[in-house]
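Close look at the chain arrangement
Single-letter residue listing:
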Amino acid sequence: MAEKHNFGIQPVTCHTWNKDRTGLALSLNSSEVQLYKKNANKWQPTHTLTEHGQRVTSIDWAANSNKIVTCGADRNAYVWTMNEDGSWKPNLVILRINRAATFVKWSPNERKFAVGSGARLISVSYYEDENNWWVSKHIKKPIRSTVTCLDWHPNSILLAAGSTDFKARVFSGYIKEYDTKPDASSWGTKMTFGTLLAEHSNGSGGWVHSVSFSPSGDRLVWVGHDSSVNVVDAAKESLLATVKGTFLPFKSVTWVTENSLVASGYDCNPMLFTYDNGGKLNLIKKLDEAQKKESGTMRQDSYNSISSFDLDNENNSDENEEEYSVFSAMNRFKSLDSHATSGDSSSELKTQHQNTITQVCIFSGTKSNCSKFSTSGVDGNIIIWDVKSLEKSIAGLKIA
């Protein structure tokens, strides 16, 4: 049902995949970006990108051009290009911001990318061949606080943004001298750069953590810190549907078909929602079925690793028992550290992620027909979920 990979005890702040999914880029809550290559069923480290001076906040890997864009709390963004020898060359982007960069996203055509920031603006960056650098244009009004998340419309012109002023907005990212003039969309016809095409409040309040356009581009979903999931349909006169349940807030959301979406966050469990043609949004199922966890203060692998101790040997039983106790305690604290849990064994979760899920993204397929998606967590894990396996393992589940 799920393929689990652990990258240590540090949180996986963000992750992204290359086109054929044999390459992985992630940041472990630090100023570095780690690159991995798949070898059999394991991920082997290949490169470390070290240009950022402070914590990396977001990464995106362009599928066709094979360029990686990163941004960080140091107020910088870099575009990384692979050299012929396999090394990666950074190219500084002129963002012109005075606060941390929070989120970065390539446009579908990979000719531009957008960067959100704490400077209450969005930098839309594009490449100038004559000067050999990336330059930016700013979208400022009416943003009143930090931009936390972004997503591009399939036409690579419209841009959705969520922020800490409790708003989800849709802007025009059309650059006249650079983009091909777009056709009219359900969001509006005025395409001047920075034009506000839609603005929606996040229910009863709360930061907007993640936004995502549907495959058609007509629908926009966002999740907020008030434990809400919201979908607006521009093709139906901006009909808004909202679900608020007993679940904890979500950190990330993506469409997996035109009518289905997966959200995940503080519940440590991906959840499936559907949006029907009647404009109704429903929670369908938690996708991580409860699993039995080993009880006691020591896991089976720890027990096996010390099975060589002969605790029944009378001659050195005291010495072995002391070594056993120390070894058991060390493994216990290591387990608690990796899961960020307290000493109470009852706090161990029955989900595969043992701490907050930081990001969910498409692994295989597209938003219109996702076959696998991945989640990263504060527990240091990245899990790849197979949609068909989920449907088989959970009675009555159909993702359509």
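Residues numbered from 1 in each chain as written. Predicted model: local features only at pLDDT ≥ 70, side-chain atom pairs only at ≥ 80, totals over all residues. Heavy atoms only, no water.

Some remarks on the sheet that holds strand 19 (residues 219–224)
Across the sheet, which stays open at both edges, the four strands sit in the order 18-19-20-21 with antiparallel pairing between neighbours. Of all strands in the sheet, those with a lone pairing partner are strand 18 (208–213) and strand 21 (239–244), marking the two edges. Across the sheet, the mean angle separating the axes of adjacent strands is 15° when strand polarity is ignored. Pairing geometry for strand 19 and strand 20 (residues 228–233), over six bridges, is antiparallel. Opposite G224, over in strand 20, you have S228 as the bridge partner. (Pairing = 2+ DSSP bridges. Helix = DSSP H or I, 4+ residues; strand = E, 2+ residues; numbered from the N terminus. Axes fitted to C-alpha atoms, helices over the stretch in contact; angles between N-to-C directions.)

What about the pattern of salt bridges?
Following the criterion strictly, the structure yields seven salt bridges and no others. Of the charged contacts, one joins D179 and K112 as a salt bridge, the two residues approaching to 2.8 Å between their closest N and O atoms. Of this pair, D179 sits in the loop between strand 16 (167–172) and strand 17 (196–201) while K112 sits in strand 11 (residues 112–117), and the two are 67 residues apart along the sequence. By relative accessible area, which is 9% here, D179 ends up buried. The class of K112 is buried, set by a relative accessible area of 0%. Here R169 makes a salt bridge to D165, at a shortest N to O gap of 3.0 Å. Of the two residues, R169 and D165, neither departs from the other in class, the shared state being buried. Bridged by salt links that share partners, the residues D165, R169 and E199 form one connected network. (Salt bridge = Lys/Arg side-chain N within 4 Å of Asp/Glu carboxyl O. Buried < 20%, exposed > 50% of the residue type's maximum accessible area, 1.4 Å probe, protein only.)

Observations concerning the state of the cysteines
Counted according to the given criterion, the structure contains zero disulfides. We note that C361 lacks a disulfide partner, and the nearest cysteine sulfur, in C370, lies 9.4 Å from it. C361 sits in the buried class, given a relative accessible area of 15%. (Disulfide = S-S within 2.5 Å.)

Observations concerning the confidence of the model for the chain
Per-residue pLDDT for the chain has a mean of 88; in total, 83% of the residues score no lower than 70. Taken together, the stretch residues 292–317 has pLDDT below 50 and engages in 31 contacts with residues farther than four places along the chain or on a different chain. (pLDDT = per-residue confidence, 0-100. Contact = heavy atoms within 4.5 Å.)

Examining the nonpolar core
Within the largest apolar cluster, 18 residues are counted, with the highest numbers of intra-cluster contacts made by L158, V170, W187, V211, L220 and W222. Counting residues per element, the ones that place at least two in this core are strand 15 (158–163), strand 16, strand 17, strand 18 and strand 19. No other element matches strand 18, which puts three residues into this core. Sequence-distant contacts of W222, defined by excluding residues within four places in its chain, comprise A168, H200, S201, N202, V208, S210, V211, S228, V229, N230, V232 and L240. (Core = buried A, V, L, I, M, F, W, Y, C linked by side-chain atoms within 4.5 Å.)

Some points on the environment of R55
By the secondary structure assignment, R55 is in the loop between strand 5 (42–49) and strand 6 (56–61). Sequence separation of R55 and V33 is 22 residues, and the distance between their C-alpha atoms is 9.6 Å. Beyond its immediate stretch of four places on either side in the chain, R55 contacts T13, N29, S30, S31, G72 and A73.

Topic: the environment of T164
The residue T164 is located in the loop between strand 15 and strand 16 in this model. Classification of T164 as buried rests on a relative accessible area of 11%. The sequence separation of T164 and H225 amounts to 61 residues, and the corresponding C-alpha distance is 9.6 Å. For T164, the residues in contact, after removing those within four places along its chain, are S145, T146, T148 and W207. Within the structure, T164 has its side chain in polar contact with the side chain of S145 (distance 2.3 Å). (Polar contact = N/O pair within 3.5 Å; in protein donor to acceptor, adjacent residues only side chain to side chain.)

Some thoughts on the packing of aromatic side chains
The description of an aromatic ring pair uses the distance of the two centres, along with the angle that the planes make with each other. Going through the model one piece at a time under the given rule, you end up with 15 aromatic pairs. With centroids separated by 6.1 Å and ring planes inclined at 50°, the aromatic side chains of Y78 and W80 adopt a geometry described as tilted. Each member of the pair, Y78 as well as W80, is classed as buried. Arranged with centres 5.9 Å apart and planes meeting at 80°, the rings of W187 and F213 form a pair that is edge-to-face. Of this pair, W187 sits in the loop between strand 16 and strand 17 while F213 is found in strand 18, placing the two residues 26 residues apart along the sequence. (Phe/Tyr/Trp six-rings, centres within 6.5 Å; stacked < 30°, edge-to-face > 60°.)

Topic: the pairing of strand 3 (residues 23–27)
Buried residues dominate strand 3, accounting for five of its five residues. The alternating pattern of strand 3 places G23, A25 and S27 and L24 and L26 on opposite faces, both of which are buried. With four bridges connecting them, strand 2 (residues 14–17) and strand 3 associate as antiparallel partners. Paired with W17 across the bridge in strand 3 is L24. Between strand 2 and the antiparallel strand that follows it, strand 3, lie five residues; R21 among them carries a positive phi value of about 65°. Judged from the four bridges that link them, strand 3 and strand 4 (residues 33–39) form a sheet pairing that is antiparallel. Bridge assignment links A25 to a residue of strand 4, and that residue is L35.

Structural notes on the pairing of strand 5
In this sheet, strand 5 lies alongside strand 4 in antiparallel orientation, the contact comprising seven bridges. Bridging from a neighbouring strand, K37 pairs with Q44 of strand 5. As consecutive antiparallel partners, strand 4 and strand 5 are separated by two residues, and within that stretch A40 has a phi angle of approximately 60°, a positive value.

A look at the sheet that holds strand 17
Spatially, four strands are ordered 14-15-16-17 in an open sheet, and the strand pairing comes out antiparallel. At either margin of the open sheet sits one strand with a lone partner, and together these are strand 14 (147–152) and strand 17. The average angle at which neighbouring strand axes cross in this sheet is 15°, direction not considered. Sheet analysis places strand 15 next to strand 16, joined by five bridges and oriented antiparallel. Following the sheet pairing, L159 is matched in strand 16 by F171.

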